[in-house]
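Here is what each chain is made of, one letter per residue.
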Amino acid sequence: MRKALSIWLLAAWVSSGVGSPLQNNDRLPEIQQQATTERLTVPKVFHIAGIPGVPRNSRGDLILTSGDLIFQQGKKQRVSVPLTRIKKALFVSGERHYERATYAAAVATFGIGAILITKKHKVDTFILDYTNERGGLMGMVLQTEIKDGSKCREWLSRFGVQVEEPQSGAK
Amino acid sequence: MVRNKMLLSIICLLAVASASANQKDTAATVKNKYKGIEVVRFEIKDGVQLPPDYLITLTEELVKQMQETKKFAEVLREGETPADQTSALKLTGTVTEFKPGSRAKRYLIGFGAGKTKIVAHIKFVDRATGEVLFEDDVDGKVIMGGMGGDSIGATRGLAKEVAKVASKQFFK
């Protein structure tokens, strides 16, 4: 009885497709491909300016789809801009201080660690000009790690957004 | 001769007094007249190296500070249409000076070292007629702050100054 029950359960599990290695392998590439063509997610992006209600220097995820640019913190969407409303995107190089590390070092070393304020790390800054629902000109400034900036630039360019590089000599 | 000089002085004094009275009349007529304001992104004077993120931040800070005065019924962005087009101002400006300063110097040295400064020439214009109602130079600075203070905070200082000017000039 127990044996029959085990065989029956095993058969049910296999037929559901969960336990079938061949079926899973066939589906995985499709899911990944779907994921990569539908959206690009860039985690831990710094918000500098432009999103109402979001503090400066707070972090969130930037999600780029074929139709929208979304800035999200946790599960909350802070702003969603259709790519068709983005007038232009400008990518420039930028720098950030290690604020928290500097503060911690200064506290731990009675102020000596504050010298860390002189250290900066390079980031990509991108500045977006877009229009809101009422036709008003809005701006947004975000910072990403260097490796992610080029991905964002390529994605936006691919979906028809005018991407500009800074003029020579400008930072 | 002396009488002519006295007569001339009196005429000049009357002319000055009349001009001053006209200005006061103009100033009085704009008080509490405007219900909305459109904030236009500032231009940058040739030769001034203001980073583009500073310009965006400045616009956002101007909109925010104008809203926080609670004097205007509408604070609009460039391109938006006010509900009452006859009683709306337009704020334009040109950034005429920018000193980037240094956060590290402000934090490690202090005493005014590494100060960040932005100066702008602003104009308040009647949106319907294009008449320039008031213009002035304003500035924003970062001299100190938490770990030296963020340099881009100078845009907030400038925006606060602009909001103060708007409140003083256009509201009782």
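Worth saying up front: this structure is predicted, and the values here are computed from it rather than measured.

**Q** Help me understand the overall build of chain B in this model?
**A** When helices and strands are tallied, chain B shows four helices and six strands. What you see in chain B, going N to C, is helices and strands ordered as α-β-β-α-β-β-α-β-β-α. Restricting the contact set of chain B to residue pairs at least 6 apart, pairs at least 24 apart contribute 69%. Of the roughly 9,500 Å² of accessible surface on chain B, a fraction of 55% belongs to carbon and sulfur atoms.

**Q** Honestly, the environment of A:Lys75 in this entry has me stumped. Any pointers?
**A** All names here are of chain A. Here Lys75 shows up in the loop between strand S3 (68–73) and strand S4 (76–82). In this structure Lys75 comes out as exposed when scored by relative accessible area, which is 86%. For the pair Lys75 and Gly60, spaced 15 residues apart in sequence, the C-alpha to C-alpha distance is 9.9 Å.

**Q** Where do I start with the nonpolar core in this structure?
**A** Nonpolar side chains tend toward joint burial in soluble globular proteins. Residues B:Phe42, B:Met66, B:Leu91, B:Ile122, B:Phe124 and B:Val162 are the most contacted members of the largest nonpolar core, which totals 34 residues. Listing elements by their share of this core, those giving two or more residues are strand S1 (36–39), helix H2 (52–69), strand S4 (88–99), strand S5 (116–126), strand S6 (132–142) and helix H4 (153–170) of chain B. If one sorts the elements of this core by residue count, H4(B) sits on top with seven residues. Counting 25 residues, the second largest nonpolar core, distinct from the first, contains A:Val81, A:Leu142, A:Cys152 and A:Trp155.

**Q** Just to check I follow, could you spell out the pairing of strand S2 (residues 58–65) of chain A for this structure?
**A** Two faces belong to every sheet, and in a regular strand the side chains alternate between them. Residue and element names in this part refer to chain A. By the criterion of burial, S2 is predominantly enclosed, with six of the eight residues buried. Pairing between strand S1 (residues 39–49) and S2: seven bridges, direction antiparallel. Its bridge partner being in S2, Phe46 is matched across the sheet by Arg59. With four bridges joining them, S2 and S3 adopt antiparallel strand pairing. Residue pairing for S3: Ile63 is matched across the bridge by Ile70. Joining the antiparallel neighbours S2 and S3 is a turn of two residues.

**Q** Mind showing me how you'd approach the pattern of salt bridges here?
**A** Counted according to the given criterion, the structure contains eleven salt bridges over all chains. When the shortest N-O distance is used, the salt bridge between A:Arg134 and B:Glu80 registers 3.1 Å. Of this pair, A:Arg134 sits in the loop between strand S6 (120–131) and strand S7 (137–145) while B:Glu80 sits in the loop between strand S3 (74–77) and S4, each in a different chain. According to the relative accessible area criterion, B:Glu80 is buried, its value standing at 3%.

**Q** Quick question: what am I supposed to make of a nonpolar patch on the surface here?
**A** Residues and elements named next belong to chain B. On the surface, a cluster of nonpolar side chains totalling about 390 Å² of accessible area is made up of Met1, Val2 and Met6. Inspection of the secondary structure assignment puts Met1 in the segment before helix H1 (2–30). Note on Met1: relative accessible area 74%, which makes it exposed.

**Q** I would appreciate a short explanation of the pairing of S4(B) in the present structure.
**A** All names here are of chain B. Pairing geometry for S1 and S4, over four bridges, is parallel. Of the residues in S4, the one forming a bridge with Val39 is Leu91. Of the pairings in the sheet, the one linking strand S2 (residues 43–44) to S4 comprises two bridges and is parallel in character. Its bridge partner lying in S4, Glu43 is registered against Thr94. Relative to S5, S4 runs antiparallel, the two being bridged by ten bridges. Bridge pairing in S5 links Thr92 to Lys123.

**Q** Mind showing me how you'd approach H4(B) here?
**A** An α-helix turns once every 3.6 residues. As a result, residues three or four positions apart point the same way. Compared with an ideal rise of 1.5 Å per residue, which puts 18 residues at 26 Å, H4(B) spans 26 Å between its outermost C-alpha atoms and is within 8% of the ideal. All of the buried residues along H4(B) are B:Ala154, B:Thr155, B:Leu158, B:Ala159, B:Val162, B:Ala163, B:Val165, B:Ala166, B:Ser167 and B:Phe170.

Rules and cut-offs
- Residues numbered from 1 in each chain as written.
- Chains lettered and ligands numbered in written order.
- Predicted model: local features only at pLDDT ≥ 70, side-chain atom pairs only at ≥ 80, totals over all residues.
- Heavy atoms only, no water.
- Helix = DSSP H or I, 4+ residues; strand = E, 2+ residues; numbered from the N terminus.
- Contact = heavy atoms within 4.5 Å.
- Areas by Shrake-Rupley, 256 points an atom, 1.4 Å probe, with all protein chains shown as cover.
- Buried < 20%, exposed > 50% of the residue type's maximum accessible area, 1.4 Å probe, protein only.
- Core = buried A, V, L, I, M, F, W, Y, C linked by side-chain atoms within 4.5 Å.
- Pairing = 2+ DSSP bridges.
- Salt bridge = Lys/Arg side-chain N within 4 Å of Asp/Glu carboxyl O.
- Patch = residues over 30% accessible without salt bridge, like charges linked within 9 Å, V, L, I, M, F, W, Y side chains within 5 Å.
- Expected span 1.5 Å × (residues − 1).

Bear in mind that shape data such as this cannot, by itself, settle questions of function.
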